[in-house]
Amino acid sequence: MLLITSYFMISLKLPGGVVSHFTTADIRESELYDEEIALCNQYEATRQLDFNRGRYCAHQCLGHFGKHQAILKDEDGVPLWPSEIKGSISHSFGLAGAVVALEKEIVAVGLDIERIGRIDRDLWNVLFTEKEIEYLNQHSFNDQRQLSTLIFSVKEAYFKMQYPVTRKGMEFDDLEIEMNGNEVKINTMGELSRELKIITDITDIYVICLVLKMNI
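Asks: What exactly am I supposed to notice about the pairing of strand 6 (residues 183-187) here?
Replies: The side chains of a regular strand alternate between the sheet's two faces. Where burial is concerned, the two faces of strand 6 differ: the one with Val184 and Ile186 is buried and the one with Glu183, Lys185 and Asn187 is not. Linking two consecutive strands that pair antiparallel, namely strand 5 (residues 176-180) and strand 6, is a turn of 2 residues; a positive phi of about 65 degrees is found at Gly181 within it.

Put into C-alpha coordinates, the structure is as follows:
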(Lines give C-alpha, C1' and ligand atoms only; values in the text may rest on other atoms or scores of the structure.)
Protein backbone atom coordinates (compact mmCIF):
# COMPACT_ATOMS: atom_id res chain seq x y z
CA MET A 1 0.00 0.00 0.00
CA LEU A 2 2.86 2.40 0.80
CA LEU A 3 5.80 3.21 -1.44
CA ILE A 4 9.13 2.18 0.10
CA THR A 5 12.24 4.05 -0.98
CA SER A 6 15.85 4.31 0.13
CA TYR A 7 16.26 6.86 2.92
CA PHE A 8 19.20 8.32 1.01
CA MET A 9 16.69 9.31 -1.68
CA ILE A 10 14.14 11.31 0.27
CA SER A 11 11.58 12.64 -2.15
CA LEU A 12 9.22 15.38 -1.01
CA LYS A 13 7.09 16.87 -3.77
CA LEU A 14 7.35 20.48 -2.67
CA PRO A 15 5.34 23.41 -4.01
CA GLY A 16 7.02 26.53 -5.37
CA GLY A 17 8.80 28.69 -2.83
CA VAL A 18 9.61 25.72 -0.58
CA VAL A 19 12.99 23.94 -0.33
CA SER A 20 14.30 21.10 1.82
CA HIS A 21 17.62 19.54 2.78
CA PHE A 22 18.41 16.32 4.66
CA THR A 23 21.63 14.75 5.91
CA THR A 24 23.00 11.83 7.89
CA ALA A 25 26.55 13.27 7.87
CA ASP A 26 28.53 14.04 11.00
CA ILE A 27 28.35 17.84 10.91
CA ARG A 28 31.06 19.62 12.87
CA GLU A 29 30.68 22.84 14.83
CA SER A 30 32.79 24.60 12.19
CA GLU A 31 29.74 24.47 9.91
CA LEU A 32 27.73 26.59 12.38
CA TYR A 33 27.79 30.19 13.50
CA ASP A 34 29.37 31.01 16.86
CA GLU A 35 26.00 32.09 18.24
CA GLU A 36 24.53 28.69 17.34
CA ILE A 37 27.43 26.83 18.93
CA ALA A 38 26.77 28.76 22.14
CA LEU A 39 23.19 27.41 22.14
CA CYS A 40 24.30 23.79 22.30
CA ASN A 41 27.65 23.79 24.09
CA GLN A 42 26.07 22.14 27.15
CA TYR A 43 24.44 19.34 25.15
CA GLU A 44 25.69 15.78 25.36
CA ALA A 45 27.42 14.47 22.20
CA THR A 46 24.45 12.84 20.47
CA ARG A 47 22.11 15.76 21.04
CA GLN A 48 24.79 18.20 19.90
CA LEU A 49 25.30 16.26 16.67
CA ASP A 50 21.54 16.30 16.06
CA PHE A 51 21.56 20.06 16.59
CA ASN A 52 24.50 20.51 14.22
CA ARG A 53 22.83 18.46 11.51
CA GLY A 54 19.55 20.35 11.83
CA ARG A 55 21.15 23.79 11.67
CA TYR A 56 23.35 22.71 8.76
CA CYS A 57 20.28 21.58 6.80
CA ALA A 58 18.52 24.84 7.62
CA HIS A 59 21.49 26.86 6.34
CA GLN A 60 21.51 24.90 3.08
CA CYS A 61 17.85 25.82 2.61
CA LEU A 62 18.34 29.47 3.53
CA GLY A 63 21.20 29.76 1.05
CA HIS A 64 18.72 28.96 -1.71
CA PHE A 65 17.01 32.27 -0.88
CA GLY A 66 20.24 34.21 -0.42
CA LYS A 67 19.91 34.27 3.38
CA HIS A 68 23.03 33.70 5.47
CA GLN A 69 22.71 34.14 9.23
CA ALA A 70 22.62 32.27 12.52
CA ILE A 71 19.35 30.56 13.44
CA LEU A 72 18.80 31.22 17.12
CA LYS A 73 15.71 30.36 19.17
CA ASP A 74 13.14 32.11 21.31
CA GLU A 75 12.21 31.44 24.94
CA ASP A 76 10.01 28.51 23.84
CA GLY A 77 12.80 26.93 21.83
CA VAL A 78 11.24 27.86 18.48
CA PRO A 79 13.86 28.64 15.79
CA LEU A 80 14.09 32.30 14.79
CA TRP A 81 14.06 32.61 11.02
CA PRO A 82 15.07 35.58 8.85
CA SER A 83 12.40 38.03 7.76
CA GLU A 84 10.11 36.81 4.98
CA ILE A 85 11.02 33.18 5.79
CA LYS A 86 9.19 30.32 7.52
CA GLY A 87 10.89 27.07 8.40
CA SER A 88 11.03 23.90 10.46
CA ILE A 89 13.80 21.53 11.59
CA SER A 90 13.59 17.90 12.68
CA HIS A 91 15.89 14.97 13.47
CA SER A 92 15.57 11.33 14.45
CA PHE A 93 18.14 8.59 14.95
CA GLY A 94 20.87 9.93 12.69
CA LEU A 95 18.79 11.73 10.07
CA ALA A 96 18.13 15.48 10.22
CA GLY A 97 16.31 17.76 7.87
CA ALA A 98 14.93 21.23 7.37
CA VAL A 99 12.23 22.76 5.23
CA VAL A 100 12.24 26.49 4.51
CA ALA A 101 9.63 28.51 2.65
CA LEU A 102 8.94 32.04 1.51
CA GLU A 103 6.40 33.75 3.76
CA LYS A 104 4.48 35.03 0.74
CA GLU A 105 3.77 31.42 -0.21
CA ILE A 106 3.50 29.68 3.18
CA VAL A 107 1.97 30.85 6.47
CA ALA A 108 3.51 28.13 8.65
CA VAL A 109 5.69 25.01 8.30
CA GLY A 110 5.93 21.84 10.36
CA LEU A 111 8.47 19.09 9.59
CA ASP A 112 8.76 15.81 11.48
CA ILE A 113 11.09 12.83 11.04
CA GLU A 114 10.33 9.57 12.84
CA ARG A 115 12.05 6.19 12.84
CA ILE A 116 9.65 3.41 11.90
CA GLY A 117 8.80 1.05 14.75
CA ARG A 118 9.08 3.50 17.65
CA ILE A 119 5.34 3.64 18.27
CA ASP A 120 4.60 0.56 20.40
CA ARG A 121 1.05 -0.72 20.53
CA ASP A 122 1.03 0.07 24.26
CA LEU A 123 1.10 3.76 23.30
CA TRP A 124 -1.85 3.68 20.92
CA ASN A 125 -4.46 4.62 23.52
CA VAL A 126 -2.41 7.70 24.44
CA LEU A 127 -1.50 8.84 20.93
CA PHE A 128 -4.46 7.84 18.77
CA THR A 129 -8.22 8.28 18.64
CA GLU A 130 -10.63 5.34 18.59
CA LYS A 131 -11.11 5.80 14.85
CA GLU A 132 -7.36 5.82 14.22
CA ILE A 133 -6.91 2.63 16.30
CA GLU A 134 -9.77 0.97 14.41
CA TYR A 135 -7.99 1.84 11.15
CA LEU A 136 -4.66 0.43 12.37
CA ASN A 137 -6.30 -2.81 13.52
CA GLN A 138 -7.43 -3.46 9.95
CA HIS A 139 -3.81 -3.92 8.84
CA SER A 140 -1.03 -6.46 9.24
CA PHE A 141 1.67 -6.07 11.87
CA ASN A 142 4.24 -4.80 9.33
CA ASP A 143 1.80 -2.24 7.93
CA GLN A 144 0.87 -1.18 11.48
CA ARG A 145 4.53 -0.34 12.19
CA GLN A 146 4.60 2.03 9.22
CA LEU A 147 1.10 3.43 9.57
CA SER A 148 1.26 4.10 13.31
CA THR A 149 4.54 5.95 12.76
CA LEU A 150 2.99 7.90 9.90
CA ILE A 151 -0.10 8.95 11.87
CA PHE A 152 2.04 9.99 14.83
CA SER A 153 4.41 11.92 12.53
CA VAL A 154 1.57 13.82 10.86
CA LYS A 155 0.34 14.90 14.29
CA GLU A 156 3.83 15.99 15.34
CA ALA A 157 4.29 17.96 12.11
CA TYR A 158 0.93 19.65 12.62
CA PHE A 159 1.81 20.59 16.21
CA LYS A 160 5.12 22.08 15.02
CA MET A 161 3.34 23.97 12.25
CA GLN A 162 0.70 25.55 14.47
CA TYR A 163 2.67 26.36 17.62
CA PRO A 164 4.71 29.35 16.34
CA VAL A 165 1.40 30.86 15.16
CA THR A 166 -0.90 30.09 18.11
CA ARG A 167 1.58 29.50 20.97
CA LYS A 168 -0.90 26.91 22.22
CA GLY A 169 -0.13 23.36 23.24
CA MET A 170 -2.20 20.49 21.88
CA GLU A 171 -3.12 16.99 22.96
CA PHE A 172 -2.87 14.04 20.59
CA ASP A 173 -6.64 13.63 20.50
CA ASP A 174 -7.15 17.26 19.48
CA LEU A 175 -6.83 16.13 15.89
CA GLU A 176 -7.59 12.97 13.96
CA ILE A 177 -5.70 11.63 10.96
CA GLU A 178 -7.74 10.05 8.20
CA MET A 179 -6.04 7.73 5.70
CA ASN A 180 -7.45 6.86 2.29
CA GLY A 181 -4.86 4.87 0.38
CA ASN A 182 -1.87 7.20 0.09
CA GLU A 183 -4.00 10.28 0.83
CA VAL A 184 -3.63 11.80 4.30
CA LYS A 185 -6.19 14.17 5.79
CA ILE A 186 -6.10 16.07 9.09
CA ASN A 187 -9.42 16.58 10.85
CA THR A 188 -9.32 19.29 13.48
CA MET A 189 -11.11 22.46 14.50
CA GLY A 190 -10.06 26.03 13.86
CA GLU A 191 -8.76 28.21 11.09
CA LEU A 192 -5.38 26.49 10.89
CA SER A 193 -7.07 23.29 9.73
CA ARG A 194 -7.90 24.97 6.41
CA GLU A 195 -5.68 25.22 3.33
CA LEU A 196 -3.25 22.59 4.58
CA LYS A 197 -0.87 20.69 2.34
CA ILE A 198 0.42 17.39 3.74
CA ILE A 199 3.51 15.87 2.11
CA THR A 200 5.02 12.57 3.22
CA ASP A 201 7.77 10.16 2.27
CA ILE A 202 8.33 6.69 3.72
CA THR A 203 11.73 5.01 3.48
CA ASP A 204 13.14 1.73 4.71
CA ILE A 205 13.86 3.34 8.08
CA TYR A 206 12.07 6.67 8.41
CA VAL A 207 8.78 8.49 7.95
CA ILE A 208 9.14 12.11 6.88
CA CYS A 209 6.06 14.33 7.18
CA LEU A 210 5.61 17.95 6.20
CA VAL A 211 2.53 20.04 6.98
CA LEU A 212 2.24 23.40 5.21
CA LYS A 213 -0.34 26.09 5.90
CA MET A 214 -0.69 27.64 2.47
CA ASN A 215 -0.97 31.40 1.99
CA ILE A 216 -4.12 31.48 -0.13
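Next comes the rest of the write-up.
Asks: Sorry, what's going on with the environment of Gly63 here?
Replies: Structurally, Gly63 can be placed in helix 2 (residues 45-64). A sequence separation of 27 residues divides Gly63 from Ser90, and the C-alpha atoms of the two residues are 18 Å apart.

Asks: Just to check I follow, could you spell out unusual backbone geometry for this structure?
Replies: Excluding glycine, residues mostly carry a negative phi; peptide bonds, for their part, are mostly trans. Even without being a glycine, Glu84 presents a positive backbone phi close to 70 degrees. Residue placement: Glu84 occurs in the loop between helix 2 and strand 2 (85-92). Phi at Phe93 takes a positive value of approximately 50 degrees, unusual for a residue other than glycine. Within the secondary structure layout, Phe93 lies in the loop between strand 2 and strand 3 (95-102).

Asks: Whenever I open this one, the sheet that holds strand 4 (residues 106-115) confuses me. Can you help?
Replies: Paired through backbone hydrogen bonds, the strands of a sheet run either parallel or antiparallel to each other. With antiparallel pairing, the 3 strands of this open sheet are ordered in space as 4-8-7. Pairing within the sheet leaves two strands with one partner each, and these edge strands are strand 4 and strand 7 (196-202). Each adjacent strand pair in this sheet contributes to an overall mean axis angle of 10 degrees, direction not counted. Sheet topology places strand 4 next to strand 8 (residues 206-214); 9 bridges connect them, and they run antiparallel. Directly across from Arg115, in strand 8, lies its bridge partner Tyr206. Against the sheet, helix 5 (residues 141-166) touches strand 4, strand 7 and strand 8, its axis set at about 145 degrees to strand 4.

Asks: Mind showing me how you'd approach the packing of aromatic side chains here?
Replies: For any two aromatic rings, the description comes down to two numbers: the centre-to-centre distance and the angle of the planes. Within the structure shown, the criterion is met by 4 aromatic pairs. One aromatic cluster is present, built from ring pairs that chain together Phe152, Phe159 and Phe172.

Asks: I keep staring at the sheet that holds strand 2 and nothing clicks. Help me out?
Replies: Here we have 3 strands laid out as an open sheet, ordered 1-3-2, and antiparallel in their pairing. Every other strand in the sheet has two partners, leaving strand 1 (18-23) and strand 2 as the edge strands with one partner each. Between one strand and the next, the sheet's axes are offset by a mean angle of 10 degrees, whatever the strand orientation. Across 6 bridges, the pairing between strand 1 and strand 3 is antiparallel. Bridge assignment links Val18 to a residue of strand 3, and that residue is Ala101.

Asks: Explain the layout of surface pockets to me, please; I cannot follow it from the model alone.
Replies: Roughly 780 Å³ of volume is contained in the largest pocket. In this structure, the largest pocket is lined by 31 residues; those nearest its centre are Gly77, Val78, Pro79, Ile89 and Lys160. For the lining of the largest pocket, the secondary structure elements donating two or more residues are helix 2, strand 2, strand 4 and helix 5. The element that contributes the greatest number of residues to the lining of the largest pocket is strand 2, accounting for 7 residues. Per-class residue counts for the lining of the largest pocket are 16 nonpolar, 6 polar and 9 charged.

Procedures and definitions
- Residues numbered from 1 in each chain as written.
- Predicted model: local features only at pLDDT ≥ 70, side-chain atom pairs only at ≥ 80, totals over all residues.
- Heavy atoms only, no water.
- Buried < 20%, exposed > 50% of the residue type's maximum accessible area, 1.4 Å probe, protein only.
- Helix = DSSP H or I, 4+ residues; strand = E, 2+ residues; numbered from the N terminus.
- Pairing = 2+ DSSP bridges.
- Axes fitted to C-alpha atoms, helices over the stretch in contact; angles between N-to-C directions.
- Contact = heavy atoms within 4.5 Å.
- Phe/Tyr/Trp six-rings, centres within 6.5 Å; stacked < 30°, edge-to-face > 60°.
- 1 Å grid on protein atoms, 1.4 Å probe; cavity = no way out; pocket = protein on both sides within 12 Å on 5 of 7 lines; lining within 4 Å.
- Points joined across faces, edges and corners; volume = space filled by probe spheres on them.
- Nonpolar A, V, L, I, M, F, W, Y, C, P; charged D, E, K, R; others polar.

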